[in-house]
Amino acid sequence: MNGETEEIIAARVSEPIEQDAWEAASPTKITRYWSGDEAPSTRHAQARLVWSAEALYVRFVCRQAEPLVVAERPSLDSKTIGLWERDVCEIFIAPDPTHPERYFEFEAAPTGEWLDLAILWQRDGRQTDWNYQSGMRVQANVRRRSTTIVMHLPWRAFGQRPAVGDRWRVNLFRCVGAGSARGYLAWRPTRTPRPDFHVPAAFGWLSFAD
């Protein structure tokens, strides 16, 4: 796809996850809209992924040059349906690379709100398990010109734990802004006629390194 990267390397680290642990993983840049067009640099983001015996950790660092689109009264005790309508970072993960149409959707907002869903993609529509409970946790930090979001995804969320060398399917996204200026960024652009992240055929690879 036009020279786009196809693989994310998750570095193995030890618990507890300290700040310097993130340096073990190379950054994955999220710079294009879902269409494949380059997004303004002020909307760019990058992600790093690390894994331990307990969980997969995903850190998004986003440039923030416009007002946040967030809830006035965020709820952190349960998943927030419709979170995708506000500023949010997302990761879709399919643990079985032979069936990328079965994947998990994780979202997190600058407020610390979160959403987890289990998806079965089909040509005539999607089946969504709205009651899926991953046990995910989120940390968020908003600064003047950047937003950092960290997801903690325990292995029970996937029903399995990877081994060194395993490869899953994955895509990363960021939604930012409001109204006609709203931007839908994707690591691996889906190139649909209208913004749509649910395209398993566009997923890249997530490799678990030692």
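Our structure is the block above this text.
The model shown is predicted, which means the values in this text are computed figures rather than measured ones.

Basis of the calculations
Residues numbered from 1 in each chain as written. Predicted model: local features only at pLDDT ≥ 70, side-chain atom pairs only at ≥ 80, totals over all residues. Heavy atoms only, no water. Helix = DSSP H or I, 4+ residues; strand = E, 2+ residues; numbered from the N terminus. Rg over C-alpha atoms; globule rule 2.2 N^0.38 Å. Buried < 20%, exposed > 50% of the residue type's maximum accessible area, 1.4 Å probe, protein only. Contact = heavy atoms within 4.5 Å. 1 Å grid on protein atoms, 1.4 Å probe; cavity = no way out; pocket = protein on both sides within 12 Å on 5 of 7 lines; lining within 4 Å. Points joined across faces, edges and corners; volume = space filled by probe spheres on them. Nonpolar A, V, L, I, M, F, W, Y, C, P; charged D, E, K, R; others polar. Pairing = 2+ DSSP bridges.

K.L.:
Can you walk me through the overall build of the protein chain in this structure?
P.N.:
Scanning the protein chain from terminus to terminus reveals 0 helices and 14 strands. Along the protein chain, helices (α) and strands (β) appear in the sequence β-β-β-β-β-β-β-β-β-β-β-β-β-β when read from the amino end. For a compact globule of 210 residues, the expected C-alpha radius of gyration is about 17 Å, and the protein chain comes in at 16 Å, within 12% of that figure. Principal axes of the C-alpha set define a box for the protein chain whose edges measure 45 × 40 × 35 Å. The proportion of buried residues among the 210 residues of the protein chain is 51%.

K.L.:
What's the story with the environment of V150 in this structure? I'm lost.
P.N.:
Inspection of the secondary structure puts V150 in strand β11 (residues 146-154). Using a relative accessible area of 15% as the deciding quantity, one classes V150 as buried. Put simply, V150 and H198 are 48 residues apart on the chain and 22 Å apart in space, counted from C-alpha to C-alpha. The residues contacting V150, other than those within four sequence positions of it, are W22, V58, R59, R137, V138 and Q139.

K.L.:
Would you take a moment to explain the layout of surface pockets for this structure?
P.N.:
Over the atoms, a rolled probe matching the size of one water molecule traces out where space is still vacant. Here the largest pocket is characterised by a volume of approximately 460 Å³. When contributions to the lining of the largest pocket are tallied by element, the ones reaching two or more residues are β5 (55-63), β10 (137-142) and β11. In terms of residues, the lining of the largest pocket owes the most to one element, β10, which gives 5 residues. Among the residues forming the lining of the largest pocket, the class breakdown is 7 nonpolar, 6 polar and 4 charged. When its volume is computed, the second largest pocket comes out at roughly 390 Å³. Around the second largest pocket sit 18 residues that line it, and W84, R126, D196, F197 and H198 are the ones nearest its centre. Within the residue set of the lining of the second largest pocket, elements represented by two or more residues are β6 (88-94), β7 (102-108), β8 (114-122) and β9 (125-129). Its residues placed into classes, the lining of the second largest pocket shows 9 nonpolar, 2 polar and 7 charged.

K.L.:
I would appreciate a short explanation of the pairing of strand β13 (residues 183-186) in the present structure.
P.N.:
Looking along a regular strand, one sees the side chains alternate between the two faces of the sheet. Bridging between strand β3 (residues 32-33) and β13 involves 2 bridges; their strand directions are antiparallel. Across the sheet, residue Y33 finds its bridge partner in β13, namely L185. Across 4 bridges, the pairing between strand β12 (residues 167-176) and β13 is antiparallel. Following the sheet pairing, C175 is matched in β13 by Y184. Between the antiparallel neighbours β12 and β13 lie 6 residues, among them G177 with a positive phi of about 90°.

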